[in-house]
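The lines below spell out each chain.
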Amino acid sequence: MALQGPIPVAFDMVFPHGCYVVGDVEPVKDFDASTNGRFVQSRDKNTGDPVWQVAVMDADPTVKAGQKTIAVKILSTVQPVPPAPLPDSPFTPVEFDNVTVTPYVNGAGRLAYSIKVRAMRAPRRTTIPAKHATSASVSAKDATTTSSKEIAA
């Protein structure tokens, strides 16, 4: 089979409505190498880079409340810093670059995905607000959103 290991995907395929940082960036513990008094940070098996994680909230309104917050693992030699929060808001929108997903079966016997990224940054505005969009650009945007949902589901 041609697909082995983490599967590269676009950010919009995983978070078509965007996402928000809701926790601190923390090192991921290597449970095999750590001992009671000694913390060892986990390293990615493929790259050898240290692994960090941050909790994010999926902005998709159709996601159930108990599934909205997920951990995203970041492979980086230095601790990543989240972008600045929105002015006058408690929310910090974020986008990720070089996203991969690894499917696995969780403890409850259900399909789940581990999400790893190479970088975290402030979102880029690439869409035209609806009131200024032409019908052609709205149609293209709707088609992209539909395919993203189908692939992500």
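A quick note: this is a predicted structure, and the numbers were derived from the prediction, not measured.

Rules used throughout
- Residues numbered from 1 in each chain as written.
- Predicted model: local features only at pLDDT ≥ 70, side-chain atom pairs only at ≥ 80, totals over all residues.
- Heavy atoms only, no water.
- Helix = DSSP H or I, 4+ residues; strand = E, 2+ residues; numbered from the N terminus.
- Buried < 20%, exposed > 50% of the residue type's maximum accessible area, 1.4 Å probe, protein only.
- Contact = heavy atoms within 4.5 Å.
- Areas by Shrake-Rupley, 256 points an atom, 1.4 Å probe, with all protein chains shown as cover.
- Pairing = 2+ DSSP bridges.
- Phe/Tyr/Trp six-rings, centres within 6.5 Å; stacked < 30°, edge-to-face > 60°.
- Salt bridge = Lys/Arg side-chain N within 4 Å of Asp/Glu carboxyl O.

It is worth spelling out the overall build of the chain at this point. A tally of regular secondary structure across the chain gives two helices and nine strands. Each helix and strand of the chain, placed in order from N terminus to C terminus, yields the pattern β-α-β-β-β-β-β-β-β-β-α. Residue burial in the chain is summarised as follows: out of 153 residues, 27% are buried. Counted over contacts in the chain with a minimum sequence separation of 6, partners at least 24 positions apart contribute 60%. Accessible surface computed for the chain: about 10400 Å², of which carbon and sulfur atoms make up 54%.

Within the secondary structure layout, P8 lies in strand 1 (residues 7–9). Distance from P8 to T102, taken between C-alpha atoms, is 9.1 Å for residues 94 residues apart in sequence.

Where strand 5 (residues 69–75) meets strand 8 (residues 111–117), three bridges bridge the pair, whose relative direction is parallel. Its bridge partner being in strand 8, I74 is matched across the sheet by V117. Sheet analysis places strand 7 (residues 99–105) next to strand 8, joined by six bridges and oriented antiparallel. From the neighbouring strand, Y104 faces strand 8, where its bridge partner is A112. What sits between strand 7 and strand 8 in their antiparallel hairpin is a turn of five residues, with G109 showing a positive phi close to 80°.

Turning our eyes to something else, we now look at the packing of aromatic side chains. The tally for this structure, following the rule as stated, stands at three aromatic pairs. Both rings, one in F11 and one in F15, keep their centres 5.5 Å apart while their planes meet at 40°; by these two values the pair is tilted. With respect to burial, F11 and F15 carry one shared label: buried. A centroid spacing of 6.3 Å and a plane angle of 55° characterise the contact between F11 and F96, whose relative ring orientation is tilted. Highlighted residues: F11 in helix 1 (residues 11–14) and F96 in strand 6 (residues 92–97), separated in sequence by 85 residues. For the residue pair F11 and F96, the accessibility class agrees, reading buried in each case.

Turning our eyes to something else, we now look at the pattern of salt bridges. One pass over the full model with this rule turns up four salt bridges. A salt bridge links K116 to D44; the shortest N-O distance between them is 3.0 Å. Pair noted here: K116 is in strand 8 and D44 is in the loop between strand 3 (26–27) and strand 4 (51–58), with a separation of 72 residues, a long-range link. R121 is the partner of D97 in a salt bridge, and the nearest nitrogen-oxygen pair spans 3.0 Å. Of this pair, D97 sits in strand 6 while R121 sits in strand 9 (residues 119–121), placing them 24 residues apart in sequence. Taking the relative accessible area as the measure of exposure, D97 reaches 21% and is therefore partly exposed. Exposure remark for R121: the relative accessible area of 18% places this residue in the buried category. Among the ionic contacts, a cluster of salt bridges with common partners joins E95, D97 and R121.

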